[in-house]
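Descriptive analysis of the structure
Chain residues, written in single-letter form:
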Amino acid sequence: MPSPNREEAWTLLQEYNHSEALIHHALAVEAVMRYRARKQGADEEIWGLIGLIHDLDYEQFPEVHCHKTKMILEEKGWPEEYIRAVVSHGWGLCNEVEPVTDLEKNLYALDELTGLVGAAALVRPSKSVRDLEPSSVKKKWKQKSFAAGVNREVIEKGAQMLGEDLEVLIQDVILGLRQVADRIGL
Ligand SMILES: [Fe+2]
Ligand SMILES: [Fe+2]
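Residues numbered from 1 in each chain as written. Chains lettered and ligands numbered in written order. Predicted model: local features only at pLDDT ≥ 70, side-chain atom pairs only at ≥ 80, totals over all residues. Heavy atoms only, no water.

Things to note about the side chain of Glu104
For clarity, the cut-off: For helices the rule is a DSSP run of H or I covering at least 4 residues; for strands it is a run of E covering at least 2, with both sets numbered from the N terminus onward. Every residue pair with non-hydrogen atoms within 4.5 Å of one another is taken to be in contact.
By secondary structure assignment, the location of Glu104 is in helix 6 (residues 102-122). If sequence neighbours within four positions are ignored, Glu104 has contacts with Arg84, Ala85, Ser88, Glu98 and Pro99.

Considerations on the coordination of the iron ion (ligand 2)
Condition: The rule for donors is simple: N, O or S, within 2.8 Å of the metal, or within 3.2 Å if the metal is Na, K or Ca. Water isn't counted, so a site may look like it is missing partners. Any site counts as irregular unless it has four donors with all angles between 85 and 135 degrees, making it tetrahedral, or four or six donors with opposite ones more than 155 degrees apart and the rest between 65 and 115, making it square planar or octahedral. Relative accessible area decides the class of each residue, using a 1.4 Å probe on protein chains only: under 20% of the type maximum gives buried, over 50% gives exposed, and in between gives partly exposed.
Every protein donor of the iron ion (ligand 2) is listed here as His25 (NE2), His54 (NE2), Asp55 (OD) and Asp111 (OD), and their distances to the metal cover 2.1 to 2.2 Å. Angles of 83 to 175° at the metal separate the four donor atoms of the iron ion (ligand 2), which places the site in the irregular class. Look at where the donors of the iron ion (ligand 2) fall in the sequence and you get H-x28-H-D-x55-D. Metal-to-metal, the separation of the iron ion (ligand 2) and the iron ion (ligand 1) is 3.9 Å; Asp55 coordinates the two. Placement of Asp55 in the loop between helix 3 (44-53) and helix 4 (67-75) and of Asp111 in helix 6 is noted, with a sequence separation of 56 residues between them. In terms of burial, Asp55 and Asp111 fall into one category: buried.

Written out as structure tokens, the structure is:
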């Protein structure tokens, strides 16, 4: 089958996800992946698509996270490298598929970081990423009790893999999120 397009991915996402929070998370990670792809001249459509669909199974099949997505996408005939990219965000958490491509390393690092940046935006008076600065995310990063569910180790490992400073990644996540701020209520 030809490569899936954004519309197909969006339809599929809505088929499996009804939680607004999860749909917002999917759109957030999509926007951040798109931003990063543009920044380095990679394929924005593919990066965005993988970001959009990465947590497809999480609402309905949290115990078999990533594994169920693999089954669904295989059944849909998605390209193997797309499926691998999606699944690798669960490396060390729900499988042993290590991120190796640039796309995979970005998804791995930015998925959790997107959560932290979003949480940091929501505690601002504006409740928005529009006036959020990397320095205030950095402060929140150090408070372990803030957004305690965000796995900072994964983000650090991801930044290391990418050979990039956390500061740069935070800035990119903020800029990516600003592009969909209205849509996701940030
Ligand atoms: Fe996930
Ligand atoms: Fe995620």
